[in-house]
Amino acid sequence: MTETELLLESLSLMAIGMGIVFGFLLMLVGILRGMSAFALKIAPAEPHPAAAPAALHTAGSEPDDLVAVITAAVARYRRHH
Amino acid sequence: MTETELLLESLSLMAIGMGIVFGFLLMLVGILRGMSAFALKIAPAEPHPAAAPAALHTAGSEPDDLVAVITAAVARYRRHH
Amino acid sequence: MTETELLLESLSLMAIGMGIVFGFLLMLVGILRGMSAFALKIAPAEPHPAAAPAALHTAGSEPDDLVAVITAAVARYRRHH
Amino acid sequence: MDQFEKLWLSMGIANLEWGQGLMMLVGCGLIYLAIAKKFEPLLLVPIGFGALLSNIPIAGIGGPDGMIGMIYHVGVETGIFPLLIFMGVGALTDFGALIARPSTLLLGAAAQFGIFATLIGAVALNFLPGFNFTLQDASAIAIIGGADGPTAIFLASRLAPDLLGAIAVAAYSYMALVPIIQPPIMRALTTKEERAVVMQQLRPVSRLERILFPLVVLILCALLLPSAAPLIGMLMFGNLLREAGVVERLSRAAQNEIINIVTIMLGLAVGSKLSADKFLAMETLGILLLGALAFCIGTATGVIMGKIMHRATGGKINPLIGAAGVSAVPMAARVVNKVGLEEDHHNFLLMHAMGPNVAGVLGSAVAAGILLALVGN
Amino acid sequence: MDQFEKLWLSMGIANLEWGQGLMMLVGCGLIYLAIAKKFEPLLLVPIGFGALLSNIPIAGIGGPDGMIGMIYHVGVETGIFPLLIFMGVGALTDFGALIARPSTLLLGAAAQFGIFATLIGAVALNFLPGFNFTLQDASAIAIIGGADGPTAIFLASRLAPDLLGAIAVAAYSYMALVPIIQPPIMRALTTKEERAVVMQQLRPVSRLERILFPLVVLILCALLLPSAAPLIGMLMFGNLLREAGVVERLSRAAQNEIINIVTIMLGLAVGSKLSADKFLAMETLGILLLGALAFCIGTATGVIMGKIMHRATGGKINPLIGAAGVSAVPMAARVVNKVGLEEDHHNFLLMHAMGPNVAGVLGSAVAAGILLALVGN
Amino acid sequence: MDQFEKLWLSMGIANLEWGQGLMMLVGCGLIYLAIAKKFEPLLLVPIGFGALLSNIPIAGIGGPDGMIGMIYHVGVETGIFPLLIFMGVGALTDFGALIARPSTLLLGAAAQFGIFATLIGAVALNFLPGFNFTLQDASAIAIIGGADGPTAIFLASRLAPDLLGAIAVAAYSYMALVPIIQPPIMRALTTKEERAVVMQQLRPVSRLERILFPLVVLILCALLLPSAAPLIGMLMFGNLLREAGVVERLSRAAQNEIINIVTIMLGLAVGSKLSADKFLAMETLGILLLGALAFCIGTATGVIMGKIMHRATGGKINPLIGAAGVSAVPMAARVVNKVGLEEDHHNFLLMHAMGPNVAGVLGSAVAAGILLALVGN
Ligand code: NA
Ligand code: NA
Ligand code: NA
């Protein structure tokens, strides 16, 4: 292939490529909207249901409630003194 | 092999197989009893010697004594108020 | 190779080997001194800069400040009773 | 116009065979069971996703040059993945209950009858049209009755790789169904009094006993049944790492890093065996049917052996614990506990059922070794 | 005297070619950038050290019998390492923002224009002497514009393994330079008012939506673009492990053990492609130039699409978030946040930029699939 | 009757050769030493179990199609496992003491005399009947004197794979015996005054020095001794991950996941080299003897070099720290500390002994490189 042929080929690649990228993601926009509608119909949304547990399984989070316990204990202790 | 031959073969497999399974595990019963007798002779049993440490090396167990400390602290705190 | 030839060969190996080991590590002594001089020129030493953080990323260290908090809390609690 | 045709031909939808589409649905179904019904999710999520990926047209992800195909080649064909999982199982398992009461090994032995009965069932199916199981196939199917995933995958990969997908899916599905399958059989075979038997507390087991146990089991296996040595050997190696007390790092690696990594890879690889031509066949129906049968028979013979021991010991053994002999650790032991509590709210059988439960793991590994020795090529 | 000559000839200094020396300097330079300038250190430290090791004379560590050469063969030639990293990325990524506002996918689509424009640029360089890129080479270079390391390595290993070293270095370097490259372009293309737009808070996303998302994306990909299925499949598999909620162990393994181990190996292996004859060539200069161009164009088209959506929605969309469409997760989203805060100290765009940001990952995986389908052999 | 004969013939006990039985006892012995005597349990438990598994008759677990045989082929024959362990050692090692006082490198150099003296000893054994060591064998045996497990395994796998089992066992056993072997030699060669020398506190080492150190060492090694580059390269790579401060994830992976997983696999694989025909030979006795000799000589020359430096510095150096030059990290440094405390209860030599201790690791890697360059094929 000469340089010019290559250039033409790559121009056509660009056109097709961007077309498919947009086509694919546009289609995905529609499908995701449908998916959300369907999902919220059969299981209405709770407030941040997955985000909260996700935050909890990070390593080192186990002592979190300890912190809570202590904070409460210390707070109560101060209140009474 | 015809279906019938296969069936006969599998019947013989069953007999031998269950025989070995029982034989093997029965022998193991005897050997384990001997092993325990031997082990307890040269090292008399402590109460749950391996179970206790095993429970301790699970991840996230380090704060366990913390919990103990706090529980004790909180309990004492309540007793005094 | 006869045993004697082998022995002579291994004697020569010892001479060359120890020579290189010493040569290599002696050269490294000089280079490390130069490196330290260079490093301390462009970035004067802080007190234990890398050792301290290194000690901090050991597993299980996260509850350390918890221990501190509790120790302090318990100490204060005792002082007041 | 030519380029658009080339494009169209590279699309999945232009190449999708109906079988691939159905198998992708099967994959989604497995994921559904795993997530919504908590059917052994650790295995069924990767297996289901592996089925999805491997049935994508053109991509060839499960083929010899695809990622999952290569993983299968390296880890499952060689048998290494199930063996590493067995090492992890060993490191996670406390054999204390078994060491304290070795006689419960007999319950683990009796429950293996499910395996051999299923073997006959599989061979008998050949009398029906559409079934044509070899003795190797039948043996691989029968091991579903062992109720032990890695053992089933290991044996199937050796004896009947084509059936591996269906066998693994059946094994893990029925393990998840244990709380539904077992209780009616357990209740039917026992009396109210038997179910209410309170068992004597287990004696404590010394550290030395725990350390000697894996070595003793391995050496017996080496002397009598070397064909079971890879399975039992890795199980006991993991257990020794656990009990040695001086190799904590390695024990943790076996219990976590290694088993988790291998589970992901093994699941994907097993999923690649869920292809339409192998799975959407009459045989799969037979396998599912035989698997259910195997679990039922294993449960029944375990309970019956429990009844025998109940009488032989003058009523010291609660026959329910025999049901745990099928393995399906620790689900079957929990089922025993639950059925026991139904009769007497203060009778916790869990620890007593752990003995037969882990004995069942040994029992099915022994059975797998026998089948390998006598049927393997 | 003879033995001393043999000794001298076995020394590195007697065999050092000038190119190897220079490449060792390049390796040191990458390590410097990684440590002192925090340029994507997780990849650039191993890549730099891999370059050092592979250019040691005689030792042949990067050769077919050397350790790194073998790692390359097993993990990069097969494509397995980048795919496993993609699985980890999926397990680490929260697609919630994208699910809540799917229209941001269009921003991720627009930013891929950087890829295809670079493709033309690479081909156009052939008009200059010293450049001789094939369409495969040009495609592999273009993917730098995807601003996604594993995708770039995966595609380059398939289409142009010789250029892999330069492409990976360019991709990760420019990802690190995003905070310098993007802001001027973002400011130049937007008005003060546009940059100050406060966006509406995102709605919460339900657990079911999060679980269905990876399956839906995979199935669409399977039907339309199977050549992107390995990349998108592993990304979505990792994400399903994360969101399933029942396979915490596996999710953690994908997010930690597997991705860490593979990152070390992948970095070393990529470093072995930094050899003098491939890297110290005119072409590398071209690749670095085109890489910068790709990032600039991608940023620009993302922002322009943002402006279009700004108008179409009556001013609800802040066009800055279009810049995050190049991916470079999460750096590009943070840059958007920073530029937004410059205009209005209370306008946090981070969460809104996460949608286009992860859309950019999907977009470049789709683009990679297209290039594989149309240019791959 | 026929089938029973087939069954009998498939039993281990019918096929057990006396050598296998003995090697299984050797395996049990290693496990005993590891657990009861705490002899380097991390390696000796897997090695011992690997010996057990590999000597099971018929099963062929250590053979070319067995699990351990395949692990050996992939990880040890290629040299990858010991190199990955060396990476982990680098990530676990603090070279600060060495950077603060580089002259202690000479102690690490002197202690390598143990290696080369053992080489001559091994060759000299050939004058006795029953011994027939080649120069390769002798070199692999000599490296036991390096007191560094991964280096010994790496070199033995290259020069004398047949002797690998015995060499690895000897290396790790003597490393465990360091607290027994070293003190008498240390006391015999030093005076009371020398042992009581209190050394000056080490200066703090800057972060930049710690980062430059691995690069400087690697480049010197590349220029002078490329044959040592795999070992020293991976050691320094691990150390750079540790000190870089920006790749915490990777450093942790090298220190934990990778080293733990590889240790299990490496141990099993090394154990498979403990077969009767290789191990139950006169040569093993010779290897064990020479290994003890190597440790003694290395300790002695280290201490003697310590005395020389003691005089050269006008008494600033405590000659005991020379004993740590054999490596056996960190055991040898602890032994130095203990012997020092015997003389003066307030004189903690631990930190001062760490310098020669890690210098010994470098020294034996250099020695291994020399042997590879001059004796390897
Ligand atoms: Na079982
Ligand atoms: Na992108
Ligand atoms: Na050494």
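In what follows, the structure referred to is the one given above.
Keep in mind that this is a model prediction, so the values were computed, not measured. (Residues numbered from 1 in each chain as written. Chains lettered and ligands numbered in written order. Predicted model: local features only at pLDDT ≥ 70, side-chain atom pairs only at ≥ 80, totals over all residues. Heavy atoms only, no water.)

Points about the coordination of the sodium ion (ligand 2)
Residue and element names in this part refer to chain E. The test is simple: Sites may look incomplete, because water is not among the atoms used; the donor set itself consists of N, O and S atoms within 2.8 Å of the metal (3.2 Å for Na, K and Ca). Strands here mean DSSP runs of E at least two residues long; helices mean DSSP runs of H or I at least four residues long; both are numbered from the N terminus. Throughout this description, buried means an accessible area under 20% of the type-specific maximum (1.4 Å probe, protein chains only), exposed means over 50%, and partly exposed covers the range between.
For the sodium ion (ligand 2), the protein coordination sphere consists of Gly146 (O), Val326 (O), Ser327 (OG), Gly360 (O) and Ser364 (OG), at 2.2 to 2.9 Å. We note that the donor set of the sodium ion (ligand 2) lies within a single chain, spaced as G-x179-V-S-x32-G-x3-S. Highlighted residues: serine 327 in the loop between α18 (282–312) and α19 (331–343) and serine 364 in helix α20 (residues 350–375), separated in sequence by 37 residues. Taking the relative accessible area as the measure of exposure, serine 327 reaches 0% and is therefore buried.

As for the coordination of the sodium ion (ligand 1)
Six octahedral donors at a metal ideally form angles of 90 or 180 degrees, and four tetrahedral donors ideally form angles of 109.5 degrees. Residues and elements named next belong to chain D. The protein atoms that coordinate the sodium ion (ligand 1) are Gly146 (O), Val326 (O), Ser327 (OG), Gly360 (O) and Ser364 (OG), at distances spanning 2.2 to 2.9 Å. Counting along the primary sequence, the residues that act as donors to the sodium ion (ligand 1) give the motif G-x179-V-S-x32-G-x3-S. With glycine 146 in the loop between α10 (135–142) and α11 (149–159) and valine 326 in the loop between α18 (282–312) and α19 (331–343), this pair connects stretches of sequence that are 180 residues apart. Accessibility classification places glycine 146 together with valine 326 in one group, the buried group.

With respect to the interface of chain D and chain B
Rules: For this analysis, residues touch if any pair of their heavy atoms sits within 4.5 Å. Summed over both partners, buried area is the accessible surface (1.4 Å probe) that two parts give up on being assembled. Pairing of N or O atoms within 3.5 Å defines a polar contact, subject to two protein rules: one partner must be a possible hydrogen donor and the other a possible acceptor, and residues neighboring in sequence count only if both atoms are side-chain atoms.
Counting residues at the interface gives 48 residues for chain D, matched by 39 residues for chain B. When chain D packs against chain B, the two sides together hide about 3800 Å² of surface, and 87% of this comes from carbon and sulfur. The largest per-residue losses of area from chain D upon contact with chain B belong to Ile120(D), Leu135(D) and Leu220(D), which jointly make up 14% of the total buried on that side. Viewed at the interface, chain B and chain D are joined by two residue pairs in polar contact (both at pLDDT 80 or more). Only α8 (105–110), α9 (113–125), α14 (207–224), α15 (229–244) and α20 (350–375) of chain D provide two or more residues apiece to the side of chain D that touches chain B. The greatest single-element share of the side of chain D that touches chain B, amounting to 11 residues, is contributed by α14(D).

Description of the side chain of Asn126(E)
Inspection of the secondary structure assignment puts Asn126(E) in the loop between α9 (113–125) and α10 (135–142). Within the local environment of Asn126(E), its side chain forms a polar contact with the backbone nitrogen of Asn132(E), the two atoms lying 3.4 Å apart. Within the local environment of Asn126(E), its side chain forms a polar contact with the backbone nitrogen of Phe133(E), the two atoms lying 2.7 Å apart. Aside from chain neighbours lying at most four places away, what touches Asn126(E) is Glu3(A), Leu6(A), Phe131(E), Asn132(E) and Phe133(E).

Some words on the relation of the copies chain F and chain E
We apply this condition: Fitting of the copies onto one another was done by least squares over C-alpha atoms, counting residues only where both copies have pLDDT of at least 70.
For the pair chain F and chain E, the best superposition has an RMSD of 0.0 Å and corresponds to a rotation of 120° with a translation of 0.0 Å parallel to the axis. Accordingly, the operation relating the two chain copies is best matched by a three-fold axis. Among all residues of chain F, the one whose C-alpha sits closest to the rotation axis is Glu257(F), at a distance of 3.9 Å.

Some thoughts on the environment of Gln136(E)
Residue and element names in this part refer to chain E. You can see glutamine 136 is positioned in helix α10. Between the C-alpha atoms of glutamine 136 and isoleucine 58, which are 78 residues apart in sequence, the distance is 32 Å. Excluding residues within four positions of it along the chain, glutamine 136 makes contact with Leu159, Ala160 and Val375.

Brief notes about the environment of Thr151(F)
All names here are of chain F. If you trace the backbone, threonine 151 turns up in helix α11 (residues 149–159). It is 9.8 Å that separates the C-alpha atoms of threonine 151 and alanine 168, two residues lying 17 residues apart in sequence. In this structure, threonine 151 is in contact with Phe86, Ile143, Leu231, Ser364, Ala365 and Ala368, ignoring residues within four places of it in sequence. A distance of 2.7 Å separates a polar atom in the side chain of threonine 151 from a polar atom in the side chain of aspartate 148.

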